[in-house]
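# Per-entry structural report
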Amino acid sequence: MLPLVEYGKEFCQKLTQIKLSRIVIMVFIILILTPLFTHFYLSNIERSSNHITHDAHSHLDLPEDLNAMKEPDLRIGVEELIRIKGSVLSELRDMERKRQKLLLEIQSYTKNIEELKQELAHQQTNLNRLKISVEQAEVAQREALQQNTPDLALPKRLTADEIPPILPSLPPSQIKFCRMFSCFDHSRCSLTSGFPVYLYDPDQFPVMNDGWDVDGFLKTTLKQTLGYNPHLTNNPKEACIFVALVGEALKDVDDISENVGNHLNLPPLDSNALKRLPYWGGDGRNHVLLNLARRDLTAASGDVFSSVDTGKAILVQSTFSSRVYRPGFDLIVSPVLGPPGGDVWQECPQMLPARRKYLLTFQGEVKSTKTQTPNPLHGDDTDLDREHAELDKFIIEHLKELAKTNTADKFLFEFECVPASDDNVNIGPQDWALCGTDSSRRTVLRDSTFVLVFAPTFSDLVTTTLLQARIYEALRCGAIPVILGGDQIRLAYDEVIQWRRVAIFLPRARITELHFLLRAMPDEDVLLMRRQGRLVWERYLASVQSTLDTIVAVLRDRLNIPPIPIDTVAAISVFNETFQPIQVTVPVETEQEESLGPLEPPYNSPAFRRNYSLGLTQGHEMWNDWGDPFRLYPALPTDPLLPSDAKFMGSGRGFRPIGQGQGGAGKEFSEALGGNSPREQFTVLLLTYEREQVLLDSIARLRGLPYLNSVVVVWNSPRPPSPELRWPDIGAPVHVVKAARNSLNNRFLPLDNLQTEAILSVDDDAHLRHDEILFGFRVWREHRERIVGFPGRYHAWDINTQNSWLYNSNYSCELSMVLTGAAFLHRHYLHLYWKWLPQAIRDKVDEYMNCEDIAMNFLVSHITRLPPVKVTSRWTFRCPGCPQSLSEDDTHFQERHKCINFFSQVFGYTPLLNTQYRADSILFKTRIPHDKQKCFKFI
């Protein structure tokens, strides 16, 4: 018996070593073959029985004893055989049922095995992601320890807490030498103060002599527009600067007939009234005196400070002589000739064509009725002024001859005003008066490619109101200013605006080369300067609002105080505080099984890293709302009006993602973003309207998406979502924000819960794979100032009508737009869309309930002068079976044609740029080893 036991154990051991799949196959074979053999055997028996029965009745010769058998006995035998057959068939049916049951069990076991394999692969993927996340965290920890740079919070606001003490006044001989370091109290303007500004009420604190008053329009508009400025404070104790309006000074309405040319014996400004200002502090430090010209554009408008002790106050006006102007301390501004505020695009003509009717124009008249007094600081100024006057005569004669020459270029020169204007009676020393009305001058300037501007002949003048007014009118009409004698004058805000990108400065001695210079400029440079000039005019000069905002911003920029945070929109949840949405677990899709990157907790864009260092390292570069240099307004080196988002003032540099520096092979590529930017995530911004199931499906598809910070859903419907909705749990926060009204502009709301620079704007019915999203994110990180997305479109000139643009969504070799229904863009553009884009464009979007994506493409292309970037070859991304969307309406395309033409009218040109470029993975369609193909799979 012992050998049998040992053989049994050995057999059992060998049996346990056999794989489950082989056992299943053996059992399956046995269950199939056994019924087949049994059925074959019983079939033979049945045939034999039938053969015997047939022979019993045949005429064959049988043994006599068999033939002698009784018929009942034979019948009994046959019935017995039939019974046996039925019994066997019944057993066969039972065995077939058991076989079918076993087959179903085998299928169930096989399905369970496959599910276990999938679950094992899924868990292995999650384990790999967790390992990557741990490694990322370890790298971040090591770098944080090495750099010793703690995470910063919003700096505490430090302001002054008392009114300025009274100090001795500055001797008049020292006023001329005031500079910011000597006559400004920096202790009231901490770097974290936010630059609070206090405004003296012009009605409550008058500073004019009897018989004089400040222009009522300016008083009312000043209080209104500064009220919108976020720097304004009503607490004088915390104020950094104190603003007082002292002009434009006009004769009181009771004696308005005497205010001809604003030349009265009594000076308009009262020195004693200035000193009686409650916070003057004895010497006027940190005070800003505004003398804004609006009606009176003559040189007399700058005489308001003559014979007035202004102490250490900063003077702001449009006319300065070298004896009064203090560089880097006083501020030159343009006259306020525009409306109080609002859209001003209606004032500007179209920028095309580049070459207009006239190549060069000038309208003006010069009269000198005052005897010039020699400048005591420059005794030879009188002789120099005579030389300039003689040179101006030669220039006038040369220009008259130029207009008579036989050339294809047309000129318009008028050196005498017809009819003569009374405003020319006291235009000042050798200054050129304006001819005609604003409407007549505008008609000429709209037909002018270049416009001539004479600098004042009097060399002591740094700038004049008439000069600034000519610059204002030229830029408004798209005529490029050519300033003769420009090397001796200064223009408004020249410490932050590079005027040489807007106007041509030419010494008087080069007048004979003027025609050659203007002819040598190609059309593209003419359009570039015209566009930049319009940007300067709209941003800094066009309205009272822009003028006052610029004054405050330039003074703040002098003190290196960072911009205040931008205004964000409060993200109000569509759910009340007590309601908890129902969350459900989302089933895993096979397309997410490959590891595309780490799954990390939300990681917001680093904040407060470059609040103060950026201004030092970049100078007057354009700042975005995170403080990084941004390609906004390439025509301008700075924009002091541009606010910042102090929460995101600059991304931290120096973080080295895993895989960077290791060749970017497939494995490393899938484990980190790489590239040249720091670690970061993106936010999905999703607009929806009463398509609840479509929305939930779109959110569910985001489960397991690497680098996802959060999902922000803008609920555009006035009807709240059903409380029975089951919101998918995708491993990242989902915020549902209630919109104030149903508007497609809400797609770009600058919500305060958007915590990343990268924003993925998607429609609720867009169907994107995870690898496509991550590839688009990688491309955007290398083109942060552009729109990077998937559905490409283009615009084309209507060759039939020859007077309009058309929108086209067909497949093409070029594109000029990437629709924001599936695109990455910088968060700062959301702010610009609402705070910088003309209101007329947003109104048109609401009118058509369409075109918000076209408006964003116009905005970005206008600012960057770059086309968008399309990624991957896919053209549409609609989910199958989704309900009808707005884009399927019959009027959709007709409205988009109209939008492009209207937006072009608002911008003055069509900023969209064509491109034939499409971004694919660097190893797209490249034969590479199997273990290095992760990068290829991202396309």
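Residues numbered from 1 in each chain as written. Predicted model: local features only at pLDDT ≥ 70, side-chain atom pairs only at ≥ 80, totals over all residues. Heavy atoms only, no water.

## Considerations on the packing of helix H21 (residues 852-864) against helix H22 (residues 892-907)
Each pair of packed helices can be described by the angle between their axes along with the distance between the axes. Short version of the rule: Where helices are involved, their axes are fitted lines through C-alpha atoms of the stretch in contact, as for all axes, and angles between N-to-C directions lie from 0 to 180°. Helix and strand labels come from DSSP, where a helix needs a run of H or I of at least four residues and a strand needs a run of E of at least two; each type is numbered from the N terminus. Crossing handedness: left-handed means the near helix sits turned counterclockwise from the far one by under a right angle, and right-handed means the same turn made clockwise. In this description, contact between two residues means that some pair of their heavy atoms is separated by no more than 4.5 Å.
Viewed as axis vectors pointing N to C, H21 and H22 meet at an angle of 35 degrees, and their least axial separation amounts to 10 Å. At the point where H21 passes H22, the crossing takes the right-handed sense. Contacts from Asp853, Ile854, Ala855, Phe858, Leu859 and His862 in H21 reach Arg896, Ile900, Phe903, Ser904 and Phe907 in H22.

## Regarding a nonpolar patch on the surface
Heads up, the condition is: Without a salt bridge and with relative accessible area above 30%, a residue can belong to a patch; like charges are then joined within 9 Å and nonpolar side chains (Val, Leu, Ile, Met, Phe, Trp, Tyr) within 5 Å. Note on areas: these come from Shrake-Rupley sampling with a 1.4 Å probe, and a residue is covered only by the protein chains present in the view. Every case where a carboxyl oxygen of Asp or Glu lies within 4 Å of a side-chain nitrogen of Lys or Arg is listed as a salt bridge.
A contiguous nonpolar surface patch, about 590 Å² in accessible area, is contributed by Ile25, Phe28, Ile29, Leu33, Leu36 and Phe37. Mapped onto the elements of the fold, phenylalanine 28 is located in helix H2 (residues 20-56).

## Concerning the packing of aromatic side chains
We count it as follows: What counts as a ring pair is set by centres within 6.5 Å for rings of Phe, Tyr and Trp (its six-membered ring), and what kind of pair is set by the plane angle: stacked under 30 degrees, edge-to-face over 60, tilted for all other angles. Burial classes: relative accessible area under 20% of the type maximum marks a residue as buried, over 50% as exposed, and values in between as partly exposed (1.4 Å probe, protein chains only). The criterion for a charge sitting over a ring is simple: Lys NZ or Arg CZ within 6 Å of the ring centre, and within 35 degrees of the ring normal.
Using the criterion set out here, one finds 31 aromatic pairs in the structure. Look at tyrosine 198 and tyrosine 279: their rings are 5.5 Å apart centre to centre, the planes differ by 90 degrees, and that puts the pair in the edge-to-face class. Of the two residues, tyrosine 198 sits in strand E1 (residues 197-199) while tyrosine 279 sits in the loop between helix H8 (271-275) and strand E5 (287-291), which places them 81 residues apart along the sequence. We note that tyrosine 198, like tyrosine 279, is buried. The structure contains a cluster of three or more aromatic residues connected by ring pairs, namely Phe362, Phe411, Phe413, Phe415, Trp432 and Phe454. Here the guanidinium or amino end of arginine 781 rests over the ring plane of phenylalanine 777, the centre of that ring lying 5.9 Å away.

## So, the nonpolar core
Condition: Here the nonpolar core consists of buried residues drawn from Ala, Val, Leu, Ile, Met, Phe, Trp, Tyr and Cys, with membership extended through side-chain atoms lying within 4.5 Å.
Formed by 85 residues in total, the largest nonpolar core has its most connected members in Leu290, Tyr493, Trp499 and Ile551. In contact with isoleucine 551, not counting residues within four places along its chain, are Leu290, Leu292, Val316, Leu331, Val333 and Tyr493. Within the second largest apolar cluster, 49 residues are counted, among which are Val737, Met817, Leu859 and Val906.

## Points about the sheet that holds strand E28 (residues 869-871)
So the rule is basically this: A pair of strands is labelled paired if DSSP reports no fewer than 2 bridges between them.
An order of E21-E19-E18-E22-E27-E23-E28-E29 is seen for the eight strands of this open sheet, with the pairing classed as mixed. Single-partner strands in this sheet number two, and they are strand E21 (734-738) and strand E29 (918-919). Summarising the sheet, strand E18 (residues 682-688) and strand E19 (residues 708-715) pair through seven bridges and their orientation is parallel. Bridge assignment links threonine 688 to a residue of E19, and that residue is tryptophan 715. Running at roughly 30 degrees to strand E27 (residues 822-826), helix H18 (residues 770-782) makes contact with E18, strand E22 (758-763), strand E23 (788-789), E27, E28 and E29 of the sheet.

## Observations regarding the side chain of arginine 558
Put simply, the test is: Residues adjacent in sequence count toward polar contacts only when both atoms are side-chain atoms; beyond that, a polar contact is any pair of N or O atoms within 3.5 Å, and within protein one must be able to donate a hydrogen and the other to accept it.
Mapped onto the fold, arginine 558 is located in helix H14 (residues 544-558). At 2.6 Å, the side chain of arginine 558 and the backbone oxygen of phenylalanine 329 are in polar contact. Apart from the residues lying within four places of it in its own chain, the contact partners of arginine 558 are Met180, Gly328, Phe329, Asp330, Leu331 and Glu495.

## Considering the state of the cysteines
Stated precisely, the cut-off is as follows: In what follows, a disulfide is any cysteine sulfur pair within 2.5 Å.
If you walk through the whole model with that rule in mind, you get four disulfides. The disulfide partner of cysteine 189 is cysteine 240, and the gap between their sulfur atoms is 1.7 Å. Residues cysteine 189 and cysteine 240 are joined through a disulfide that is right-handed, its torsion about the S-S bond being 95 degrees. Here cysteine 189 is found in the loop between helix H6 (180-183) and E1, whereas its partner cysteine 240 is found in the loop between helix H7 (216-228) and strand E3 (241-247), with 51 residues between them in sequence. Considered together, cysteine 189 and cysteine 240 belong to a single accessibility category, that of buried residues. Here cysteine 417 engages in a disulfide with cysteine 435; their sulfurs sit 1.8 Å apart. Since a negative S-S torsion denotes a left-handed disulfide, the cysteine 417-cysteine 435 link at about -75 degrees is left-handed. Highlighted residues: cysteine 417 in the loop between strand E11 (411-414) and strand E12 (432-433) and cysteine 435 in the loop between E12 and helix H10 (438-446), separated in sequence by 18 residues.

## Structural notes on unusual backbone geometry
Residue leucine 352 is joined to proline 353 through a cis peptide bond whose omega torsion reads 5 degrees. Positioned with a positive phi, methionine 849 is a non-glycine residue whose angle comes to about 50 degrees. In this fold, methionine 849 is placed in the loop between helix H20 (839-848) and H21.

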